[in-house]
Amino acid sequence: MPEPESPVTPVTFPPAFLWGAATSAYQIEGAVREDGRTPSIWDTFSHTPGKTAGGEHGDIAVDHYHRYRDDVALMADLGLTAYRFSVSWSRVQPTGRGPAVQRGLDFYRRLVDELLAHGIKPAVTLYHWDLPQELEDAGGWPERDTAYRFAEYAQIVAEALGDRVEQWITLNEPWCAAFLGYASGVHAPGRTDPAASLKAAHTLNLAHGLGTSALRASMPARNSVALSLNSSVVRPLSQDPADLAAAQKIDDLANGVFHGPILHGAYPQTLFAATELITDWSFVEDGDLALIHQPLDALGLNYYTPALVSAADAETSGPRADGHGSSTHSPWPGADDVTFHQTPGERTEMGWTIDPTGLHDLIMRYMREAPGLPLYITENGAAYDDKPDPDGRVHDPERISYLHGHLAAVRRAITDGADVRGYYLWSLLDNFEWAYGYEKRFGAVYVDYTTLERTPKSSALWYGRAARSGTLPEVHSIP
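Residues numbered from 1 in each chain as written. Predicted model: local features only at pLDDT ≥ 70, side-chain atom pairs only at ≥ 80, totals over all residues. Heavy atoms only, no water.

This part takes up the nonpolar core. Tyr-127, Trp-141, Trp-168, Ile-363 and Val-410 are the most contacted members of the largest nonpolar core, which totals 154 residues. It is helix 7 (residues 145–161) that contributes the most residues to this core, 10 residues altogether. The residues contacting Val-410, other than those within four sequence positions of it, are Phe-13, Phe-17, Leu-359, Ile-363, Ile-377, Val-420 and Tyr-423. (Core = buried A, V, L, I, M, F, W, Y, C linked by side-chain atoms within 4.5 Å. Buried < 20%, exposed > 50% of the residue type's maximum accessible area, 1.4 Å probe, protein only. Helix = DSSP H or I, 4+ residues; strand = E, 2+ residues; numbered from the N terminus. Contact = heavy atoms within 4.5 Å.)

What follows deals with the environment of Asp-430. The residue Asp-430 is located in the loop between strand 11 (420–426) and strand 12 (445–447) in this model. By relative accessible area, which is 0% here, Asp-430 ends up buried. Expressed as a C-alpha distance, the spacing of Asp-430 and Thr-450, which sit 20 residues apart in the sequence, is 13 Å. Not counting residues within four places of it along the chain, the set of residues in contact with Asp-430 comprises Val-62, Arg-441, Phe-442, Gly-443, Val-445, Tyr-446, Val-447, Tyr-449 and Lys-457. Of the polar contacts made by the side chain of Asp-430, one reaches the backbone nitrogen of Val-447; its length is 3.3 Å. (Polar contact = N/O pair within 3.5 Å; in protein donor to acceptor, adjacent residues only side chain to side chain.)

Working definition: two side chains of opposite charge can pair if their charged atoms are close together. Tallied over the entire structure, the rule returns 34 salt bridges. Here Arg-222 ties to Glu-166 by a salt bridge, and the two come within 3.6 Å at their closest N and O atoms. On the criterion of sequence distance, the pair formed by Arg-222 in the loop between helix 9 (194–218) and strand 5 (224–229) and Glu-166 in the loop between helix 7 and strand 4 (167–172) is long-range, its members being 56 residues apart. Among the ionic pairs, Arg-365 bridges to Asp-251, the shortest N-O distance being 2.6 Å. On the criterion of sequence distance, the pair formed by Arg-365 in helix 13 (residues 356–369) and Asp-251 in helix 10 (residues 241–264) is long-range, its members being 114 residues apart. Exposure remark for Arg-365: the relative accessible area of 18% places this residue in the buried category. Salt bridges sharing common partners tie together Asp-386, Asp-396, Arg-399, Asp-430, Arg-441 and Lys-457. (Salt bridge = Lys/Arg side-chain N within 4 Å of Asp/Glu carboxyl O.)

Time to look at the side chain of Thr-23. Checked against the element boundaries, Thr-23 lands in the loop between strand 1 (18–22) and helix 1 (25–28). For Thr-23, the side chain forms a polar contact with the side chain of Tyr-83, separated by 2.7 Å. If near-sequence neighbours (up to four positions away) are discounted, Thr-23 is found in contact with Ile-28, Tyr-83, Arg-84, Phe-85, Ser-86, His-128, Trp-426, Ser-427 and Leu-428.

Next up on the list: helix 7. In an α-helix, one full turn covers 3.6 residues, which means residues spaced three or four apart are oriented alike. With 17 residues, helix 7 should cover 24 Å at 1.5 Å per step; its first-to-last C-alpha distance of 25 Å lies within 8% of that length. Among the 17 residues of helix 7, 12 are classified as buried, and the element is accordingly described as predominantly covered. Residues of helix 7 that are buried include every one of Thr-146, Ala-147, Arg-149, Phe-150, Ala-151, Tyr-153, Ala-154, Ile-156, Val-157, Ala-158, Ala-160 and Leu-161, and no others. Tucked into the core, helix 7 has its buried residues touching helix 4 (89–92), helix 5 (102–117), strand 3 (121–127), helix 6 (133–137), strand 4 and helix 9. (Expected span 1.5 Å × (residues − 1).)

By rolling a water-sized probe across the atoms, one finds the places where empty space is left. Scanning all chains against the criterion turns up seven cavities of 30 Å³ or more. The computed volume of the largest cavity comes to approximately 100 Å³. As for the largest cavity, its lining consists of Ala-123, Gln-167, Trp-168, Ile-169, Ser-224, Ala-226, Ala-298, Leu-299, Gly-300, Tyr-376, Thr-378 and Tyr-424. For the lining of the largest cavity, the secondary structure elements donating two or more residues are strand 4, strand 5, strand 7 (299–302) and strand 10 (375–380). A total of three residues in the lining of the largest cavity trace back to one element, the largest contributor, which is strand 4. Of the residues belonging to the lining of the largest cavity, the class tally is eight nonpolar, four polar and no charged. (1 Å grid on protein atoms, 1.4 Å probe; cavity = no way out; pocket = protein on both sides within 12 Å on 5 of 7 lines; lining within 4 Å. Points joined across faces, edges and corners; volume = space filled by probe spheres on them. Nonpolar A, V, L, I, M, F, W, Y, C, P; charged D, E, K, R; others polar.)

Pasting the structure below:
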């Protein structure tokens, strides 16, 4: 007789591990002209012909501004213990300067109170790409003054919510804000100036440092201040020295440009060398690095797919396979001698390869980069072409498989010694996916964009079961 199969050891997480979901203001709120809100760069960009798929925009999005109570109840029903959302800067401080609009702040007060009433821990992200348009008109992120305006804004929000919100994130994915916004132009404000993008990266670093200090001066010491980076897992195509040099260059532009000054108090010298034909970095003033290099209480990591690069080949042609949208302008200043390759394996609807090993590698890297610093996975998820069946149910087994693989990678990193304290699925709801409009669905909850009705997908039920038990269910456990 054959030996009986050994039972599979369940993948169990620490009891205090946070099971969350994440969203951003412009992608879900709508109500863009209510209660004093004024345009952000994404309002302007999305209403500019040709900038987004189908000319779509976030004017209504999924109307979370009016439906937040239902959305919080939905999270509670699923068993989530944390929710990461962003604050719309122009809803709180319409011109990016001066006093707050209390009606805007009141929305976030109500949201936080609703979350706490349902036992869900709020995590506030201050900036998720929606700069007030008036600040862009004054120069935007390449303009140094924007960092000081951000610090004032951080103080306003901290004074309003700091007594009830313990987890704070200054910036979400500053790489996208700097390089997709100011180099390749595929994100708002749509500028294509490599030198300005590097200057924007520095101003964002400065904003993080000044914002961190403002938060700490304005709220209880128990609160945690963090930053969310979409650090790239950059892999060379081969061990050839030219490919290794290409990987180093992209690593500096994707990672070192932010974690260098923020975690270590210095920019990589190799970054300066790679970009010397674009800028002399004279915009870095004396004392800036000390302002940027503020102690963090935690670090947020956003991960979707790894990058595979090599030295450019004379025969290489075609679009740049870096997964960051289509543009004749590169988001990688000084890296025209680098080729991006599509990594092998199954892909999501975004064309991104599914590779949980990259998430494990990323976590372990930052365990070494910042020993002792708690880590959170502040974004991870996948887009698929989800559709309701005749009974109105939305089955998305591919997303369940994706989540299982990546959560297992997180648990493996914890076993390997990493202090990972939570996971925020991207995203709670289908929503406005930036330049892709409403074509790409990242949500665990399906949204009918005509009626705005919410329907939890199979993945939401699976993830809720994981959140309630602290153990990963089998991939096929949801019928």
